[in-house]
Structures are given as structure tokens and as C-alpha cells.
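Residue-level listing of the chains:
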Amino acid sequence: MTSTASTYEIPVTGLIAPPGVYRPQADTLLLADALARERLGPRDEVLEIGTGTGALALRAAARGATVTAVDIAWRAVLAARLNAWRRRLRLRVLHGDFAARTAGARFDLMLANPPYVPTPDASPPKGAARAWDAGADGRAVIDRVCAAAADVLRPGGVLLMVHSQLCGPERTLALLADHGLPAQVTDRAEVAWGPVLRSRRAWLQAQGLVQDGADREELVVVRARRL
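Computed from a predicted structure; not experimentally measured.

### Looking at the side chain of Asp187
Working step 1: Assignment of secondary structure puts Asp187 in strand β6 (residues 183–192).
Working step 2: Among the polar contacts made by the side chain of Asp187, one reaches the side chain of Arg37 at a distance of 2.7 Å.
Working step 3: In terms of polar contacts, Asp187 uses its side chain to reach the side chain of Thr186, at 2.6 Å.
Working step 4: Excluding anything up to four places from it in sequence, Asp187 contacts Leu30, Ala34, Arg37, Leu219, Val220 and Val221.

### Some remarks on helix α3 (residues 74–86)
Working step 1: Compared with the 18 Å implied by 1.5 Å per residue over 13 residues, the 18 Å span of α3 between its first and last C-alpha is a close match.
Working step 2: Here α3 has its buried residues at Ala76, Val77, Ala79, Ala80, Asn83 and Ala84. Summarising the axial view, the buried residues of α3 lie within an arc of 165°, below the 170-degree limit, and thus occupy one face. Exposed side chains of α3 directed beyond 90 degrees from the buried face belong to Arg75 and Trp85.
Working step 3: Tucked into the core, α3 has its buried residues touching α2 (55–62), β2 (66–71) and β3 (92–95).

### Observations concerning the pattern of salt bridges
Working step 1: One pass over the full model with this rule turns up 11 salt bridges.
Working step 2: Notably, a salt bridge pairs Asp108 with Arg154, separated by 3.1 Å at the nearest N-O pair. Linking Asp108 in strand β4 (residues 107–112) with Arg154 in strand β5 (residues 153–164), this pair joins segments that are 46 residues apart in sequence.
Working step 3: Under the relative-accessibility criterion, Asp108 is labelled buried at 15%.
Working step 4: Overall, Arg154 belongs to the partly exposed group, its relative accessible area being 26%.
Working step 5: One salt bridge in this structure joins Glu190 and Arg216, with 3.0 Å as the shortest N-O distance. Within this pair, whereas Glu190 is found in strand β6, its partner Arg216 is found in strand β7 (residues 216–225), the two being separated by 26 residues in sequence.

### Points about the environment of Tyr116
Working step 1: Residue placement: Tyr116 occurs in the loop between β4 and α5 (142–152).
Working step 2: Tyr116 sits in the buried class, given a relative accessible area of 8%.
Working step 3: In this structure the C-alpha to C-alpha distance between Tyr116 and His163, which are 47 residues apart in sequence, comes to 6.0 Å.
Working step 4: Those residues in contact with Tyr116 that sit more than four places away from it in its chain are Asp27, Trp132, Ala134, Gly138, Ile142, Val162, His163, Ser164, Cys167, Glu217 and Leu219.
Working step 5: Of note is the side chain of Tyr116, whose polar atom sits 2.8 Å from the side chain of Asp27.

What counts and what doesn't
- Residues numbered from 1 in each chain as written.
- Predicted model: local features only at pLDDT ≥ 70, side-chain atom pairs only at ≥ 80, totals over all residues.
- Heavy atoms only, no water.
- Helix = DSSP H or I, 4+ residues; strand = E, 2+ residues; numbered from the N terminus.
- Polar contact = N/O pair within 3.5 Å; in protein donor to acceptor, adjacent residues only side chain to side chain.
- Contact = heavy atoms within 4.5 Å.
- Expected span 1.5 Å × (residues − 1).
- Buried < 20%, exposed > 50% of the residue type's maximum accessible area, 1.4 Å probe, protein only.
- Arc of directions from axis to C-beta.
- Salt bridge = Lys/Arg side-chain N within 4 Å of Asp/Glu carboxyl O.

Purely spatial values, then, with no claim about function.
In C-alpha cells form, the structure reads like this:
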């Protein structure tokens, strides 16, 4: 990727986020820090999976990259488009499943803040819960991103993905390596549980995912590079 002299950054606060759209939180900030360290410029093409308000996609666009953002929620698509318009930044925002909407396309950088909260509900999530519920192990979307990254990235391309320690970062690293993308954890942050995890305390303990009395989780950013 090429470097850029631009230092313009989009704040993760102050963005339009209608009800039902995931608002930038600690995981967004952690991924934003990782993004800031990447060499990025006008010749690079970026894909963001699950863009929400578009906070991270807009940061990449502000550095001159050509950015495609995808979200399964129409409200998020409209919010990201509106936030891009307000900041006069070019952003291509698509509605639907990331694999279907980007089939055949290739990118230099892939950003993902996928749903990663373990849930006891076996039915597909609906409404706002689509932004966080991800199956019993929290990996319903993470595993798909790991499997798709090698086909989505150009040689030398980079994947940056954030998720919870509850989902098993070691498994993420192993899956990416199996698909030819050496990976490592580059960023960590410990945060207090939000209302979703607090409401599932008993179930999480029964599954052996957390210990009795736990009220904080560790977030990690995984960085992988296609050889």
C-alpha cells in the first residue's frame, strides 16, 4: 500500500446513527487505531464489512482510498451514505451480505467489525441484534470472514478484524493461517460488559465462556496479510 501525507480523520462520535444502527463503541475505536497505522493512499481499494454509521470507512476515504462499505441493515446503509454526504467524502455503500455483494472484487485492505457476541438463540438474529448476535460461539460471521479473506484480498493485502476474546482469537489466527494469511493479534483493550453480555451472564457461565463474577471482556484486533 502507498503512504499518504493526509492527517485528516473522521471522529467516531458525532455521526448520525438512527435507532437500530450500531453506534461506534470501544471496538470501533480499537479498530480505528489499527487502521491509522496502515499505509493507505489514493491507489488503494478498501472494503469494510458491517459498516454501521460508516465511521471507519470514512476514515479510509478521508485518506484518499477508494472505499466500498457493506452492511446487511438498510438503516446502516442509509446512515453511512448520509454521513459521507455530510462530510463530502466519496463512499460506495452496498446493502446485503458482504460475500454476495463483493463477489469477484479484490481489495488492498479489508476492515471487519463483525457480530461476535455468543447467543443462546439458535434462530437468525433480527433487527438491531444483527449487529452483535453471532451464534452460540460468536463466530458465525468471523469464520466466514476468515474463509473469504484470501479471495477478497490482493497479494500483499491486509485484513484488520476486531472481536472479543470470548470468540477465541487463537482459532481466528489458525483459520487465517489455514487459508494462507499469516496473522497476529496487534491490539488489545479491556472493557466493561454492556447490557447484552450482562443479560446473558448465567448462560455464558453455563457454557464455560466466562467465570463467575466476570464483568469485563478483552477485545482484540487481528491483522492478517495475504502473501
